[in-house]
Every structure is written in C-alpha cells, then in structure tokens.
Amino acid sequence: MQVKAADPAAAEPGTRPERRARPSRTTPPRWRSRQAKGIAYAAPTAVFVAVFFLLPLLLVGQMSLSDWPLLAGDRGFNAPENYTDVTDSTLFWPAVRFTLLYTVIVTVVLLGLALGLALLVQESRPGTGFFRTVYFLPGALGLASASLLFWGLYSPSTGPLSRILEELGLVDDPVSFLGTPTSALLSTVFLIVWKFAGFYMLILLVGLQRIPQDVFEAARMDGAGRGQIFRSITLPLLRPSLALTLLLCVTGSLLAFDQFFILTKGGPDNSTVTVVQLIYREAFQRMNLGTAAALSILVLAVLLLFNALQFRGLRRADES
C-alpha cells in the first residue's frame, strides 16, 4: 500500500499554502489576428471618410472664419463677418422661406403619393410587377437629365405640352410653365414627384411586406375595417420606413439645387432661389468662398438638428 507524502504546508499550523500561478492575460494570437483583419477591413472606409468628409469639413470651417476670395486664397481671420454678411444679404431670408415652402409641399405630396402607390401594388396580382417597374423607372433617371427633359417639355415655343393644350382648346396662347413664381414652383414640384415617387414607393413597399400577415388576419377576424386597420396597424408598424422616407425627402428638398438651376436659374425675379443656389452664387458669382462656407455651415447645422430631433422622436415612439 502506497502512502502519499504529507503536504508540509498543511502539516504545520499557521503556514499559508502556496498560491497557484495565475494565467497570463496576454491576448491570444487568434484574437490578435481577428483585430488585425477588422482594422484592415475598416481602414479603407476610414481613409475615405477622412479624406472626402472630415478634411473638407475642416477646410469649410476654416473658410467660414476667414476672408477667402475664390481666386486670391486665404487673407486671414475675419470671424464673424462672413456669418453676418450672409444674414444681411437681401436674398438670404427669401431663399430660406422659399426652400422651406418647397420642402413642405414636396414632402407632403411625395410621401402621400408614394404611400398610395405602395398600397396599390402591395398584393401580388396579375400585372403588379409591371406597375411596380413603371412606377420605379423615373427614379433610374438622373436628376439633371430629368430636369433637362422637363425643361424641353415646359418650353412654350418648342415643348409639346403647350402645343397639346392649344390643340385641345384649353388655352389660346402658349403656356409659360416657368414664367411666374407660382407656376415655376409647381412645375418643379411636379418634376420631383414624378421622379422620386417610385423610389419612395419601393422603400415603403418593403416596409409593408415586412409586416406579418397574421396581424391583418387577426384584425379582420375581430371585425376591424380597412380604415381602422390602416390607422391602428399599418401606420404604426410602417413607422421606421416612413421615418426613413421623411428623412431622405426633407434632406433632399433642403439641398435642392439641380432642378432649379436647370429649369429656372432662380427666376423669375429671384423667386425660386434656394439656399444651395445662394451658396453657389456666393462662391462662383460673387467670388467669395468665405460667405459661401459660412452659409454651408449653417445649412449643415440645420440638417443635423433636424436629424437629431427626428431620431429622438422616433426613439420615444418606439419606447412608448
């Protein structure tokens, strides 16, 4: 029979047993390789963001605080003169009011029409794929190309729309679709709605198809009508898609430039000058990059504030 040797530390009273050596906390090689791969994958995006967003943003911030003519370069610090010059401009507040009016009209009309189209093509029926494609096709056309197309259509001398109205006897003289402030605004809104309704319809259609059909069936079994189902089920569950379309629509409308630059050039009588057009005029017509950069910073601040408020409201709605 073998007898184990007694532990000297256990045999002597008052003595502490020896502590076991703790394993080292060094990072395993496999984890290090994963970290290296993650950094390698993220590096191109980080470089792209730094070069094409952060550095230009810092340069714009420096321009907004400096006397910086387009052809002369930086002449030194002059803050806050650029910001006061922007707000003192005779076109600033009219451009702000027109941009906000245009944003409200486009947002209401565009989102309402896009939601209606999404509801029409939600269910799979004969011909649904055809109509989905037809509604989405204008979105594949570039905004500048679409603006040039509608500029030709709106032309009172060579455009077909005015001739069609004359041949139908609806008007006696050629129609100037871009000749008055109201007609120029509505004509541009029609262009934007025609081009982007199908795109926003696709976003809302994806949101509608993600709603479980069991919810609608249960509501119908409980006796709920179409209107009640739409208000109580469809709209609440479609809120994330509606928030995304609202964000894209408002941001695009506040940054409107191409359509007005091609169709109206800011006319008639500077009645359709947007904030971004004002930035363009300050930079490339008045040759003052400082005031253009200051106005760009103000527009960026407004967009960040709007996005923050929207995300906060959406988060509260989800929590409730």
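Student: Quick question: what am I supposed to make of the packing of aromatic side chains here?
Tutor: Each aromatic ring pair is characterised by the separation of its centres together with the angle its planes make. Summed over all chains, the structure comprises 16 aromatic pairs. Measuring from ring centre to ring centre gives 5.1 Å for F257 and F261, while their planes differ by 20°; the resulting arrangement is stacked. Judged by relative accessible area, F257 falls into the buried class, the value being 19%. On the basis of relative accessible area, F261 is assigned to the partly exposed category, the value being 28%. Aromatic ring contacts, followed pair by pair, group F150, Y154, F177, F190 and W194 into a single cluster. A cation over an aromatic ring shows up here: K195 above the ring of F196, its NZ or CZ 4.3 Å from the ring centre. The ring centre of F261 lies 5.2 Å from the NZ or CZ of K265, which sits over that ring.

Student: What should I look at first to understand helix 6 (residues 143-154) in this one?
Tutor: One turn of the α-helix equals 3.6 residues, which is why residues spaced by three or four share an orientation. With 12 residues, helix 6 ought to run about 16 Å at 1.5 Å a step, and its terminal C-alpha atoms sit 16 Å apart, in line with that. Taken together, the buried positions of helix 6 are occupied by A146, S147, F150 and Y154. Burial along helix 6 is one-sided: seen end-on, the buried residues are contained in an arc of 100°. Those residues of helix 6 that are buried lie in contact with helix 7 (160-167), helix 8 (181-209) and helix 12 (258-263).

Student: Would you explain the nonpolar core in this entry?
Tutor: Nonpolar side chains tend to gather and get buried jointly when the protein is soluble and globular. Counting 29 residues, the largest nonpolar core has Y102, V106, L110, A118, V189, Y200 and L204 as the members making the most contacts within it. For this core, the secondary structure elements donating two or more residues are helix 4 (92-120), helix 8, helix 9 (213-221) and helix 10 (226-237). Not counting residues up to four positions away in its chain, the partners in contact with V106 are L111, V189, I192, C249 and S253. Within the second largest apolar cluster, 19 residues are counted, among which are W68, V275, A294 and L295.

Student: Just to check I follow, could you spell out the pattern of salt bridges for this structure?
Tutor: Where side chains of opposite charge bring their charged atoms close, a pairing between them can arise. According to the stated counting rule, one finds 2 salt bridges in the structure shown. Measuring nitrogen to oxygen at the nearest pair gives 3.0 Å for the salt bridge that ties R125 to E123. In this structure E123 comes out as partly exposed when scored by relative accessible area, which is 44%. Linking E282 and R286 is a salt bridge whose minimum nitrogen-to-oxygen distance equals 2.9 Å. Assessed through its relative accessible area of 56%, R286 is described here as exposed.

Student: Please explain unusual backbone geometry as it appears in this structure.
Tutor: Backbone geometry follows two general trends: most residues other than glycine have a negative phi, and most peptide bonds adopt the trans configuration. For the bond running from A79 to P80, omega is 0°, close enough to zero to count as cis. Its place among the elements puts P80 in the loop between helix 2 (29-64) and helix 3 (81-88). Of note, the amide linkage connecting G267 to P268 takes the cis form, showing an omega dihedral of -5°. Positionally, P268 belongs in the loop between helix 12 and helix 13 (275-284). Even without a glycine there, the phi angle at K265 is positive, about 55°. At D269, a position not held by glycine, the phi torsion is positive, near 55°. Relative to the helices and strands, D269 is located in the loop between helix 12 and helix 13.

Conventions adopted
Residues numbered from 1 in each chain as written. Predicted model: local features only at pLDDT ≥ 70, side-chain atom pairs only at ≥ 80, totals over all residues. Heavy atoms only, no water. Phe/Tyr/Trp six-rings, centres within 6.5 Å; stacked < 30°, edge-to-face > 60°. Buried < 20%, exposed > 50% of the residue type's maximum accessible area, 1.4 Å probe, protein only. Lys NZ or Arg CZ within 6 Å of the ring centre and 35° of its normal. Helix = DSSP H or I, 4+ residues; strand = E, 2+ residues; numbered from the N terminus. Expected span 1.5 Å × (residues − 1). Arc of directions from axis to C-beta. Contact = heavy atoms within 4.5 Å. Core = buried A, V, L, I, M, F, W, Y, C linked by side-chain atoms within 4.5 Å. Salt bridge = Lys/Arg side-chain N within 4 Å of Asp/Glu carboxyl O.

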